[in-house]
Amino acid sequence: MTTSPDSRPGSAARAHAERDAAPLARALLLPLRRAGDLYLAGDFAVAEDRLRALVKAAPDQAQAHHHLGVVLRARGKFAGAIAHLERALELDPHLVGAADRIERYRAEHAQSRARRAA
């Protein structure tokens with residue numbers, strides 16, 4: 001007798017969890033887009049507020065952490081930006097651009113500290 005993927009222990013639970021995650025992911029799209037629009041318009045403070053609320057509501061969503069990291073960097077908050085990008089990578093190790101941003105933000109942060117120390 002062969003076992004289909006759906007009859008293995010835990011398969012039903014995994015499938016159920018994936019179905020439950022899909023509406024949450026869709027529900028996050030509009031707030032992420034709106035925060036992105038605020039960022040593009042240069043309204044970094046409001047974008048940060050919206051993204052912090054989104055991260056609080058959905059702390060395991062990599063894209064929310066990623067977007068918040070980008071906004072925090074725009075506000076010169078390098079430590080927070082790096083922390084959120086690192087969290088995004090923990091949640092989604094394949095998140096495009098996150099690892100490169102972390103390295104770039106670390107370099108920018110070091111340069112910023114050096115300028116202030118001079």
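Anything mentioned here points back to the structure above.
Residues numbered from 1 in each chain as written. Predicted model: local features only at pLDDT ≥ 70, side-chain atom pairs only at ≥ 80, totals over all residues. Heavy atoms only, no water.

Enquirer: Give me the side chain of histidine 66: which residues, what numbers.
Expert: Mapped onto the elements, histidine 66 comes out in helix α3 (residues 62-74). In terms of polar contacts, histidine 66 uses its side chain to reach the side chain of arginine 101, at 3.0 Å. Those residues within four positions of histidine 66 in sequence are excluded, and the remaining contacts are His84, Leu85, Ala88, Leu95, Val96, Gly97, Ala98 and Arg101. (Helix = DSSP H or I, 4+ residues; strand = E, 2+ residues; numbered from the N terminus. Polar contact = N/O pair within 3.5 Å; in protein donor to acceptor, adjacent residues only side chain to side chain. Contact = heavy atoms within 4.5 Å.)

Enquirer: Before we move on, can you summarise the packing of helix α4 (residues 78-91) against helix α5 (residues 98-117) with the specific residues and values?
Expert: Packing of α4 against α5 leaves a shortest axis separation of 9 Å and a crossing angle of 165°. When the interaxial angle is binned, α4 and α5 end up roughly antiparallel. Handedness of the crossing formed by α4 with α5: left-handed. Contact residues: Phe78, Ala79, Ala81, Ile82, Leu85, Glu86 and Leu89 in α4; Ala98, Ala99, Arg101, Ile102, Tyr105, Arg106, Glu108, His109 and Ser112 in α5. Partitioned by chemical class, the residues of the contact of α4 with α5 number 10 nonpolar, 2 polar and 4 charged. (Axes fitted to C-alpha atoms, helices over the stretch in contact; angles between N-to-C directions. Parallel < 35°, antiparallel > 145°, perpendicular 65-115°, else oblique. Left-handed = near helix turned anticlockwise from the far one by under 90°. Nonpolar A, V, L, I, M, F, W, Y, C, P; charged D, E, K, R; others polar.)

Enquirer: Residue-level account of the packing of aromatic side chains, with values.
Expert: Counted by the stated rule, this structure contains 1 aromatic pair. Judged by centre distance (5.5 Å) and plane angle (45°), the ring pair of tyrosine 39 and phenylalanine 44 falls under tilted. The exposure class of tyrosine 39 is partly exposed, given its relative accessible area of 28%. By relative accessible area, phenylalanine 44 is classed as partly exposed at 26%. (Phe/Tyr/Trp six-rings, centres within 6.5 Å; stacked < 30°, edge-to-face > 60°. Buried < 20%, exposed > 50% of the residue type's maximum accessible area, 1.4 Å probe, protein only.)

Enquirer: For α4, give the residues involved together with the corresponding values.
Expert: The end-to-end C-alpha distance of α4 is 20 Å, a good match for the 20 Å that 14 residues give at a rise of 1.5 Å each. Turning to α4, its buried residues are Phe78, Ala81, Ile82, His84, Leu85, Ala88 and Leu89. Looking straight down α4, one finds that the buried residues subtend no more than 165° of arc, so they occupy a single side. In α4, those exposed residues whose orientation departs by more than 90 degrees from the buried face are Ala79 and Glu90. In this structure, the buried side of α4 is in contact with α2 (44-57), α3 and α5. (Expected span 1.5 Å × (residues − 1). Arc of directions from axis to C-beta.)

Enquirer: Describe the nonpolar core, naming the residues involved and giving the relevant values.
Expert: Within the largest apolar cluster, 25 residues are counted, with the highest numbers of intra-cluster contacts made by Leu32, Leu51, Leu54, Leu95 and Tyr105. For this core, the elements supplying multiple residues, two or more each, are α1 (11-40), α2, α3, α4 and α5. Apart from residues lying up to four places away in sequence, leucine 54 is in contact with Leu28, Pro31, Leu32 and Ala64. (Core = buried A, V, L, I, M, F, W, Y, C linked by side-chain atoms within 4.5 Å.)

Enquirer: Before we move on, can you summarise the pattern of salt bridges with the specific residues and values?
Expert: Within this structure, the stated rule accounts for 8 salt bridges. Between arginine 73 and glutamate 108 there is a salt bridge, and its shortest N-O distance comes to 2.8 Å. Here glutamate 108 lies in helix α5 and arginine 73 lies in helix α3, a separation of 35 residues in the sequence. With relative accessibility at 30%, the residue arginine 73 sits in the partly exposed group. Accessibility expressed as a relative area gives 18% for glutamate 108, which makes it buried. The partner of glutamate 86 in a salt bridge is arginine 106, and the shortest N-O contact between them spans 2.3 Å. One end of the pair, glutamate 86, is in helix α4; the other, arginine 106, is in helix α5, and 20 residues separate them in sequence. Glutamate 86 sits in the partly exposed class, given a relative accessible area of 31%. Since its relative accessible area comes to 37%, arginine 106 is described here as partly exposed. (Salt bridge = Lys/Arg side-chain N within 4 Å of Asp/Glu carboxyl O.)

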